[in-house]
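Below are the chains, spelled out letter by letter.
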Amino acid sequence: MIDRDRLVRTFTDLVRIDSPSGEEVAIADALTARLTNLGFTVSRDAYGNVIASEPGDSPLLLSAHMDTVEPGRGVNPLIDGDVIHTDGSTVLGGDCKAGLSVILEALESLQSDGAARRPLEIALPPEEGIGLVGAKNLDFSMLRAKQAIVFDGEGPAYHVTTGSPTYIAFDIDITGRAAHAGVEPEKGISAIQIAAEMIVQMRLGRLDENTTFNVGNIEGGSVRNAVPEHASLKGETRSHDPEALERVRSYLLNIVQDTRGRWTEATIECELYEQFVGYRLDEGTGLLTRVKETLGVLGMAPELAISGGGTDGNVFVLNGIEAVVVGAAMHDAHTVRESVRISELEQGAQFCRALLEI
């Protein structure tokens, strides 16, 4: 049986451990101890991915990432009926400590009841929130599993992700020429003006049902009374359609080239790089079928949808592991309004246990 009190205690204990991206040692230590107590052999690869294994053929891989976004230090979880939240000064860390808690409770429940289950491997990557970095550096030679369940979706477990877009990030750096803004501004070339002209040409937001485009960060200038010599833009585009993504890529590069033609004395550098590769699951695949059947047995009607975000599941798929991402009870992730519903945590643990039982 799933123990609600133990599940809530596990979750609140984990969110109190600071683990912003790049600082996951403390949470990795805590998870290593818990998994060792559950009978797993636990190790870490060269990048810090926590990997738990045990004997047995055809293991299923369970995964949730260890890091949280900022502001995520000194989290104080508050329980209000069915909802866990904070006072609004930090995120809660449900993304993805809710997923970690679901996995741990399912395993502790099976162990307490002496129930038989299928063999498992567990991979807990760091630095998911800054571009799936931990999973990208995971030593896949340490894994045997060919199927994975990733507990890293919003909402209840019956929210099942069947596809994710390809994500391309871009950095644009502009160098103009500094000058005194009050004495000789005509001698300057404003990098901020150039950046503004570029942004005006860009269509931001949802471009079509499969594609989005965003400028998320602008920096530039040094002091109020100087024509700004430097400015930078950071943005992204995502799409489930490779052809649409290529069109957006060309569109961006054309804006850059056109701006260079008008500002010949400025330097404009543009770098595009792929953060993760998209995928789309065939709804007839074995693991997805099993997920839907297990949810159905528990009385949960699966809700299948493609996502606009990425998870470590993208990396697993790219490395030949069939991955299904399910909800982990979190809501408003990456904001200080983040919350987790205890009833949905229980549903997630029930689903995980049922999936593992023989």
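Residues numbered from 1 in each chain as written. Predicted model: local features only at pLDDT ≥ 70, side-chain atom pairs only at ≥ 80, totals over all residues. Heavy atoms only, no water.

**Q** Teacher, can you tell me more about the packing of helix α2 (residues 25-37) against helix α3 (residues 94-113) here?
**A** Each packed pair of helices is defined by two parameters, the angle between the axes and the distance between the axes. The interhelical angle for the contact between α2 and α3, taken along N-to-C directions, is 15°, at an axis separation of 11 Å. For the element pair α2 / α3, the angle class is roughly parallel. Remark: the crossing between α2 and α3 carries left-handed chirality. Contacts from Ile27, Leu31, Arg34, Leu35 and Asn37 of α2 reach α3 at Lys97, Leu100, Leu104, Leu107, Glu108 and Gln111. (Axes fitted to C-alpha atoms, helices over the stretch in contact; angles between N-to-C directions. Helix = DSSP H or I, 4+ residues; strand = E, 2+ residues; numbered from the N terminus. Parallel < 35°, antiparallel > 145°, perpendicular 65-115°, else oblique. Left-handed = near helix turned anticlockwise from the far one by under 90°. Contact = heavy atoms within 4.5 Å.)

**Q** Explanation requested: the nonpolar core in the structure shown.
**A** In globular proteins that are soluble, nonpolar side chains generally tend to be buried together. Residues Leu35, Leu62, Ile149, Phe151 and Phe351 are the most contacted members of the largest nonpolar core, which totals 77 residues. In terms of residue count, the dominant contributor to this core is α3 (nine residues). Residues in contact with Phe351, not counting those within four places in the same chain, are Ile149, Phe151, Ala157, Val291, Thr294, Leu295, Leu298, Met300 and Val326. Ranked by size, the runner-up nonpolar core spans 24 residues in total, among them Phe170, Ile194, Val256 and Ile268. (Core = buried A, V, L, I, M, F, W, Y, C linked by side-chain atoms within 4.5 Å. Buried < 20%, exposed > 50% of the residue type's maximum accessible area, 1.4 Å probe, protein only.)

**Q** I'm lost on helix α5 (residues 191-201) in this one. Help?
**A** Counting along an α-helix, one turn takes 3.6 residues, and residues three or four places apart therefore face a common direction. Burial in α5 covers these residues: Ala191, Ile194, Ala195 and Met198. One side of α5 holds all its buried residues, which, seen down the axis, span an arc of 100°. Looking at the buried side of α5, the elements it contacts are β9 (166-175), β14 (230-239), α6 (242-262) and β15 (267-276). (Arc of directions from axis to C-beta.)

**Q** Please explain the packing of α3 against helix α9 (residues 342-356) as it appears in this structure.
**A** One can describe the packing of α3 onto α9 by two numbers: an axis separation of 8 Å at closest approach and a directional angle of 55°. Relative to α9, the element α3 is oriented oblique. As α3 runs across α9, the sense of the crossing is right-handed. Contact with α3, carried on its side by Ala98, Val102, Ile103, Glu105, Ala106, Leu107, Ser109, Leu110 and Asp113, involves Leu345, Gly348, Ala349, Cys352, Arg353 and Leu356 of α9 and no other residues of that element.

**Q** Hey, could you run me through helix α7 (residues 286-297) in this one?
**A** In this model, α7 (12 residues) spans 17 Å end to end at C-alpha, consistent with the 16 Å of a helix rising 1.5 Å per residue. Every buried residue of α7 is accounted for by Leu287, Leu288, Val291, Thr294 and Leu295. Buried residues along α7 cover an arc of 125° about the axis, so they all sit on one side. Of the exposed residues in α7, those oriented more than 90 degrees away from the buried face are Glu293 and Val297. (Expected span 1.5 Å × (residues − 1).)

**Q** Can you walk me through the side chain of Ser101 in this structure?
**A** Summarising the element assignment, Ser101 is placed in helix α3. Given the relative accessible area of 0%, Ser101 is considered buried. A polar contact of 2.7 Å, which involves the side chain of Ser101, links it to the backbone oxygen of Lys97. Not counting residues up to four positions away in its chain, the partners in contact with Ser101 are Leu7, Thr10, Phe11 and Leu14. (Polar contact = N/O pair within 3.5 Å; in protein donor to acceptor, adjacent residues only side chain to side chain.)

**Q** Can you help me understand the pairing of strand β12 (residues 211-220) in this one?
**A** A regular strand carries its side chains on alternate faces of the sheet. With three bridges joining them, strand β11 (residues 205-208) and β12 adopt antiparallel strand pairing. Looking across to β12, one finds that Arg206 is bridged to Thr212. Between the end of β11 and the start of β12, which pair antiparallel, lie two residues. Note: β12 against β14, nine bridges, orientation antiparallel. Paired with Thr211 across the bridge in β14 is Ser239. (Pairing = 2+ DSSP bridges.)

Nothing here speaks to function; it is all geometry.
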